[in-house]
Amino acid sequence: MSRHDDRFRTVRLLPALAATLVLVLSACGSEDDTAATTEPSTSESPSATGSSETLALVADGSTAGKCAMPSAEVLSTFDTAFEGTVTSVEDGTATLEVEQWYAGGDASTVTVEAPSRSLDDLLMAVDFQEGQTYLVSADGDRVTLCGFTAETDPELEAMYTEAFPA
């Protein structure tokens with residue numbers, strides 16, 4: 001293949017790459033840059049009433065907006081945060097056994113509904129895998145994306161510990 005063909009292919013791919021970048025940046029977070037200052041209503045509250053209850057969350061990018069740089073300050077504004085291990089993934093729903101609550105609940109199990117099959121939801125979604133441990137945060141019943149929810153690693157764990165001191 002000639003150098004000219006490679007350049008032509010690259011030029012043809014640029015619009016697709018640009019569109020993908022726009023989708024990634026627009027599918028993460030909400031349009032509100034301000035922290036929530038009001039308490040969630042009873043219907044939005046993610047708190048469970050007992051440790052045997054199951055909390056249900058949704059992981060999608062349906063709220064258009066932009067990503068904020070992940071920080072403990074921003075993370076601390078979310079009303080739900082926990083560490084959990086995926087025990088099953090069935091029919092688009094991941095079930096996590098909670099190992100530690102940082103904020104917002106005491107349920108022993110949390111289910112996270114997978115994103116829709118739309119491109120923007122899939123680009124920003126966390127790919128929950130059975131047997132893996134994740135740090136998960138949510139605002140209302142929506143899992144937060146943009147680096148706030150991901151597989152557990154020391155850096156993310158330090159951010160959760162800073163955001164939600166014991």
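Up top you'll find the structure we're talking about.
Counted under the stated rule, the structure contains six aromatic pairs. Their ring planes at 50 degrees and their centres at 5.1 Å tell us that Phe82 and Trp101 sit as a pair that is tilted. Taken as a pair, Phe82 in strand 2 (residues 80–90) and Trp101 in strand 3 (residues 93–103) lie far apart in primary sequence, 19 residues in all. Both residues of the pair, Phe82 and Trp101, count as buried.

Pairing of strand 1 (residues 54–58) with strand 4 (residues 109–113) involves five bridges; the strand directions are parallel. When the bridges of strand 4 are listed, Thr54 appears paired with Thr109. Hairpin connection, strand 3 to strand 4: the antiparallel pair is bridged by five residues, and Gly104 has positive phi, about 85 degrees.

On to the side chain of Glu83. With respect to the helices and strands, Glu83 occurs in strand 2. Buried charged residue Glu83 carries no salt bridge. Nearest counter-charge: Arg142, at 24 Å. For Glu83, the side chain forms a polar contact with the side chain of Thr152, separated by 3.2 Å. The contacts of Glu83, once residues within four sequence positions are left out, are Glu97, Val98, Glu99, Gln100, Tyr102, Thr133, Tyr134, Leu135, Thr152 and Glu157.

Rules used in this analysis
- Residues numbered from 1 in each chain as written.
- Predicted model: local features only at pLDDT ≥ 70, side-chain atom pairs only at ≥ 80, totals over all residues.
- Heavy atoms only, no water.
- Phe/Tyr/Trp six-rings, centres within 6.5 Å; stacked < 30°, edge-to-face > 60°.
- Helix = DSSP H or I, 4+ residues; strand = E, 2+ residues; numbered from the N terminus.
- Buried < 20%, exposed > 50% of the residue type's maximum accessible area, 1.4 Å probe, protein only.
- Pairing = 2+ DSSP bridges.
- Lys, Arg positive; Asp, Glu negative; His and termini not counted.
- Salt bridge = Lys/Arg side-chain N within 4 Å of Asp/Glu carboxyl O.
- Polar contact = N/O pair within 3.5 Å; in protein donor to acceptor, adjacent residues only side chain to side chain.
- Contact = heavy atoms within 4.5 Å.

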